[in-house]
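# Geometric and topological summary
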Amino acid sequence: SGVVPVELKNISKSYVDLPVLKNVNMLIERGDKIAIVGPNGAGKTTLAKIIGGKLKPSGGELIYGHNTLFSYYEQEVADALNPEDDLIDTLEEMNNDLSVGHLRSILGSFLFSGDDVFKKVKVLSGGEKSRVALARLLLTQSNLIILDEPTNHLDFSSKEILKHALMEFTGTLIIVSHDIDFLEPITTKVIEIRDQHVKVIVGGIGYYLQKQKEEAIVESENIFTDQKANSKDQKRLEAEIRQQKFVLTKDFKTALEKCESEIGILESEKSNLENDLVNPKIFSNPQLAKEKNLDYEKTKLQLDTKYTRWTELTHQIEEIEKNLLEL
């Protein structure tokens, strides 16, 4: 693609009377690996769909650069596969230059082995359809790939295959996901959506999360360093604000501490399960491997929920402290 595959100029989006995005200006540069993050309902999928041409903005201009060829993945893509095709035909449709052996190898990476490759799409479960759709994605000729929650229906092995493929992809990636482990080795930029606006952070998802924590600490420490510093009533004002801050944030901070403790426990469980899943004694036992995969998916879902809750609680505490600062 060109140096700038996509440019957004004053992009806005509203649903009836509900504004979601307002005056978004942004350059997406060739080779960017972007994670779109933000609270639930902030507009992450809306922005991804606008960039992918799946949704028209209410205002502004979307400009595609020279030779931008993009693919868009969401659960609806998996659901739209031709139900009468078998898995070999479904992949061959994307690239008919590959041998059946090569196609079987790709399908094997996504846990379709033996006669499974001749199954009709219509008999697959939702998770199996997701794996087939992502296998197709790896054969695309696109230089810009947009993925909306690609790991939702993937087991550990399939997620690892996809993660390593995307790490090696030389084009441009835009990913909407709550899966921190999946995003961390891939992303080089973060787009945060909050209050209808976007903020671009250069650095991976780990850097972004660390900066969030640091900024929250600095904001908390500097809450009293405003223009009222020279007021003769400053001490009384600070005491009142401290008391209000304590009362208004007490429950949120208690919930945040509990959430962080639960995240620590779940991260430890997830790490243990990942070690189990690469243990030859376990993955060579299909029934045991299946049970471990189910435990892993359950733990990952619980962890994703806790990450979302942590973000919401942190934002609520920041909003309370910001409002007190403006008093």
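If you're wondering where the values come from, they're calculated on a predicted model, not measured in any experiment. Every residue gets a number counted from 1 within its own chain, in the order that chain's sequence is written. Under the rules for a predicted model, residues below a pLDDT of 70 receive no local features and side-chain atom pairs below 80 are neither given nor counted, while totals for whole chains, interfaces and linings still include all residues. Only heavy atoms go into the side-chain values, all of them from the structure, while hydrogens and water stay out.

## Section: the overall build of the chain
Selection rule: The secondary structure listing takes helices from DSSP runs of H or I that are at least 4 residues long and strands from runs of E that are at least 2 residues long, numbered from the N terminus. Residue burial is assigned from relative accessible area. The probe radius is 1.4 Å, only protein chains are included, and a residue is buried under 20% of its type maximum, exposed over 50%, and partly exposed in between. The contact criterion used throughout is that any non-hydrogen atoms of two residues lie within 4.5 Å. The protein chains shown are the only cover counted for residues, whose accessible areas, like all others here, come from Shrake-Rupley with a 1.4 Å probe.
On a plain count of helices and strands, the chain comes out with eleven helices and nine strands. Counting the 327 residues in the chain, one finds 43% classified as buried. At a minimum sequence separation of 6, the contacts of the chain that also span at least 24 residues come to 68%. Summed over its atoms, the accessible surface of the chain is roughly 17,100 Å², and 51% of this surface lies on carbon and sulfur atoms.

## Here's the deal with the pairing of strand β8 (residues 189-194)
Two faces make up the sheet, and in a regular strand the side chains alternate between them. Convention followed: Pairing between two strands requires that DSSP report at least two bridges joining them.
With six of six residues buried, β8 is to be regarded as a mostly interior element. Side-chain alternation along β8 places Lys189, Ile191 and Ile193 on one buried face and Val190, Glu192 and Arg194 on a second face that is also buried. For strand β3 (residues 33-37) and β8, the ladder comprises four bridges, and the chain directions are parallel. From the neighbouring strand, Ile36 faces β8, where its bridge partner is Ile191. Relative to strand β9 (residues 197-202), β8 is paired through six bridges, and the arrangement is antiparallel. Across the sheet, residue Arg194 finds its bridge partner in β9, namely His197. Linkage of β8 to β9, two consecutive antiparallel strands, is achieved through a turn of two residues, within which Asp195 is found at a positive phi near 55 degrees.

## Observations concerning unusual backbone geometry
Here the phi dihedral of Asn67 falls at roughly 60 degrees; this positive angle occurs in a residue that is not glycine. Along the chain, the position of Asn67 falls in the loop between β4 (59-64) and β5 (70-73). Of the residues examined, Asn67 reaches a relative accessible area of 44% and is grouped as partly exposed. Phi angles above zero are rare outside glycine, and Glu149 is one such case at about 50 degrees. With respect to the element layout, Glu149 can be found in the loop between β6 (144-148) and α6 (156-168). A relative accessible area of 17% places Glu149 in the buried class.

## Some words on the environment of Gln196
Note on placement: Gln196 falls in the loop between β8 and β9. On the basis of relative accessible area, Gln196 is assigned to the partly exposed category, the value being 26%. Spatially, the C-alpha atoms of Gln196 and Ser14 are 9.8 Å apart, while their sequence positions differ by 182 residues. In this structure, Gln196 is in contact with Pro19, Val20, Leu21 and Lys22, ignoring residues within four places of it in sequence.

## A short note on the packing of aromatic side chains
Our working definition: Planes of paired rings set the category: under 30 degrees apart is stacked, over 60 is edge-to-face and the rest tilted, where pairs are Phe, Tyr or Trp rings (Trp by its six-membered ring) whose centres lie within 6.5 Å. In this analysis the charged atom, NZ for Lys or CZ for Arg, is taken to sit over a ring once it is within 6 Å of the ring centre and within 35 degrees of the ring normal.
This structure, assessed with the given rule, holds two aromatic pairs. Consider the rings of Tyr64 and Phe70, whose centres lie 5.2 Å apart with planes at 25 degrees: the pair is stacked. Under the relative-accessibility criterion, Tyr64 is labelled partly exposed at 32%. Ring centres of Phe156 and Tyr296 lie 4.9 Å apart, and the angle between their planes is 75 degrees; on these two criteria the pair is classed as edge-to-face. With a gap of 140 residues between them, Phe156 in helix α6 and Tyr296 in helix α11 (residues 286-325) connect regions that are remote in the sequence. The buried category is assigned to Tyr296, whose relative accessible area is 0%. In this structure, Lys13 is placed above the aromatic ring of Tyr15, and the distance from its NZ or CZ to the ring centre is 5.2 Å. The cationic tip of Arg131 hangs over the ring face of Phe112; the distance from NZ or CZ to the ring centre is 4.6 Å.

## Description of helix α1 (residues 44-51)
Extensive coverage of α1 is indicated by the burial of six of its eight residues. Looking one or two residues beyond α1, the residue adopting positive phi is Gly53, at roughly 75 degrees.

## Topic: α6
Where we set the bar: To estimate the expected span of a helix, count its residues, drop one, and scale the result by 1.5 Å.
Counted at 1.5 Å a residue, the expected span for α6 with its 13 residues is 18 Å, and the 19 Å between its end C-alpha atoms agrees. Those residues of α6 not exposed but buried are Phe156, Ser158, Lys159, Glu160, Leu162, Lys163 and Leu166.

## Here we look at the sheet that holds β4
Hydrogen bonds between backbone groups are what pair the strands of a sheet, and the pairing can be parallel or antiparallel. Here is the rule we go by: Geometry is summarised by axes, namely lines fitted to C-alpha atoms with helices restricted to the contacting stretch, and by angles between N-to-C directions that run from 0 to 180 degrees.
The antiparallel open sheet is built from three strands, whose spatial order is β2-β1-β4. Edge strands, defined here as strands with exactly one partner in the open sheet, are β2 (18-28) and β4. Recorded for the sheet is a direction-independent mean angle of 20 degrees between the axes of neighbouring strands. Bridge count between strand β1 (residues 6-15) and β2: seven bridges; the pairing is antiparallel. The partner of Lys13 across the bridge, within β2, is Leu21. Along the sheet face, α1 touches β1, β2 and β4 and points at about 130 degrees away from the line of β1.

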